[in-house]
Amino acid sequence: QSALTQPASVSGSPGQSITISCTGTSSDVGGYNYVSWYQQHPGKAPKLMIYEVSNRPSGVSNRFSGSKSGNTASLTISGLQAEDEADYYCSSYTSSSPPRVFGGGTKLTVL
Amino acid sequence: QVQLVQSGAEVKKPGASVKVSCKASGYTFTSYYMHWVRQAPGQGLEWMGIINPSGGSTSYAQKFQGRVTMTRDTSTSTVYMELSSLRSEDTAVYYCAREEMTTVTIDYWGQGTLVTVSS
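Okay, so let's go over this structure. (Residues numbered from 1 in each chain as written. Chains lettered and ligands numbered in written order. Predicted model: local features only at pLDDT ≥ 70, side-chain atom pairs only at ≥ 80, totals over all residues. Heavy atoms only, no water.)

A look at the overall build of chain A
Working step 1: Check the secondary structure of chain A and you find zero helices and nine strands.
Working step 2: For chain A, the C-alpha radius of gyration of 13 Å lies close to 13 Å, the compact-globule estimate for 111 residues.
Working step 3: In terms of its C-alpha atoms, chain A occupies a principal-axis envelope of roughly 40 × 25 × 25 Å.
Working step 4: Counting every position in chain A, which comprises 111 residues, the buried fraction comes to 43%.
Working step 5: For chain A, the share of sequence-separated contacts (at least 6 apart) that also reach a separation of at least 24 residues comes to 56%.
Working step 6: When the accessible surface of chain A is split by element, carbon and sulfur atoms take 44% of a total near 5,000 Å².
Working step 7: Across chain A, the 7 positively charged side chains and the 6 negatively charged ones have centroids separated by 4 Å. (Helix = DSSP H or I, 4+ residues; strand = E, 2+ residues; numbered from the N terminus. Rg over C-alpha atoms; globule rule 2.2 N^0.38 Å. Buried < 20%, exposed > 50% of the residue type's maximum accessible area, 1.4 Å probe, protein only. Contact = heavy atoms within 4.5 Å. Areas by Shrake-Rupley, 256 points an atom, 1.4 Å probe, with all protein chains shown as cover. Lys, Arg positive; Asp, Glu negative; His and termini not counted. Charge placed at Lys NZ, Arg CZ, Asp CG, Glu CD.)

So, the interface of chain B and chain A
Quoted interface sizes are often the accessible area lost when the parts come together.
Working step 1: Facing the 17 residues of chain B at the interface are 17 residues of chain A.
Working step 2: Both faces combined, the contact of chain B with chain A buries some 1,500 Å², and carbon together with sulfur accounts for 64% of it.
Working step 3: The largest per-residue losses of area from chain B upon contact with chain A belong to B:Leu45, B:Trp47 and B:Val104, which jointly make up 36% of the total buried on that side.
Working step 4: The shortest N-O distance in the salt bridge between B:Glu99 and A:Arg100 comes to 2.2 Å.
Working step 5: Where chain B meets chain A, there are seven residue pairs in polar contact (both at pLDDT 80 or more).
Working step 6: Counting only elements with at least two residues in the side of chain B that touches chain A, the list comes to strand S4 (33-39), strand S5 (45-51), strand S9 (92-100) and strand S10 (105-109) of chain B.
Working step 7: Among the elements that make up the side of chain B that touches chain A, the one with the highest residue count is S10(B) (four residues). (Buried area = accessible area lost by both parts, 1.4 Å probe. Salt bridge = Lys/Arg side-chain N within 4 Å of Asp/Glu carboxyl O. Polar contact = N/O pair within 3.5 Å; in protein donor to acceptor, adjacent residues only side chain to side chain.)

Examining the pattern of salt bridges
Working step 1: Scanning the entire structure with this criterion turns up nine salt bridges over all chains.
Working step 2: Ionic pairing is found between A:Asp84 and A:Arg63, a salt bridge with its closest N-O pair at 2.7 Å. Of this pair, A:Asp84 sits in the loop between strand S6 (72-77) and strand S7 (86-93) while A:Arg63 sits in the loop between strand S4 (47-50) and strand S5 (64-69); the two residues are 21 residues apart in sequence, bridging distant segments of the chain.
Working step 3: Among the salt bridges present, the one from B:Arg38 reaches B:Asp90, with a minimum N-O distance of 2.8 Å. Within this pair, whereas B:Arg38 is found in strand S4, its partner B:Asp90 is found in the loop between strand S8 (78-83) and S9, the two being separated by 52 residues in sequence. B:Asp90 carries the same exposure label as B:Arg38, and that label is buried.

Section: the state of the cysteines
Working step 1: Scanning the model with the defined rule gives two disulfides over all chains in all.
Working step 2: Two residues, A:Cys22 and A:Cys90, share a disulfide whose sulfurs are 2.1 Å apart. As the torsion about the S-S bond is roughly 80°, the A:Cys22-A:Cys90 disulfide counts as right-handed. Of this pair, A:Cys22 sits in strand S2 (residues 18-23) while A:Cys90 sits in strand S7, and the two are 68 residues apart along the sequence.
Working step 3: Accessibility expressed as a relative area gives 0% for A:Cys22, which makes it buried.
Working step 4: Take A:Cys90: its relative accessible area is 0%, and that puts it in the buried class.
Working step 5: Put simply, B:Cys22 and B:Cys96 are joined by a disulfide, and their sulfur atoms are 2.1 Å apart. One disulfide, between B:Cys22 and B:Cys96, carries an S-S torsion of 75° and so falls in the right-handed class. With a gap of 74 residues between them, B:Cys22 in strand S3 (residues 18-25) and B:Cys96 in strand S9 connect regions that are remote in the sequence. (Disulfide = S-S within 2.5 Å.)

Things to note about the layout of surface pockets
Working step 1: There is about 270 Å³ of room inside the second largest pocket.
Working step 2: Lining the second largest pocket are 13 residues; nearest its centre among them are A:Lys47, A:Leu48, B:Asp107, B:Tyr108 and B:Trp109.
Working step 3: Breaking the lining of the second largest pocket down by element, the ones donating at least two residues are S4 of chain A together with S10 of chain B.
Working step 4: The element that contributes the greatest number of residues to the lining of the second largest pocket is S10(B), accounting for three residues. (1 Å grid on protein atoms, 1.4 Å probe; cavity = no way out; pocket = protein on both sides within 12 Å on 5 of 7 lines; lining within 4 Å. Points joined across faces, edges and corners; volume = space filled by probe spheres on them.)

Have a look at this one:
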């Protein structure tokens, strides 16, 4: 069982928006603004999409945004495109052991 | 540009050990921590441990304590992850991943190394 809880799957049509949640505790998501989101296509390494809750690395589309409320972080993808179909993982720094935790992953299907 | 290039796929028998390398380039090797994360087939990401390439200090997930050893060679900008007493459940893709310290963010990942444990 993963330390952070994500929905197993979400889906949306091209052009729509979707949101993926990531629920932790006050020792991780709720206690620090060190939440990251990763996109992983089949057979590929994860790619950083959001860091520090809501910051986008250079080169990542502004269709991707992040937020946090309490112990739950969220990733929103607007204007869905076929290439967004992938697995998405959240991660957080944690004050307990281990110092990094991941969510179980969410499979995004673009209908 | 930042690159993390890992060693090739391995096939090991149960009880054996495996050592995976990760060669870094495009940045100052000793200024960024390196994590190891694994992913079993069809499963999620699992954090294994971290090494500080500057001093060599390490921290491992309790699950792997006693079986994993992470080391580094600053002369070649390479980190290593050795996992011993392999069992079938260790079959996975193993990734090295760099941490940007100021943002506490894993920002770059290696391409992954598939380790298959089978008799």
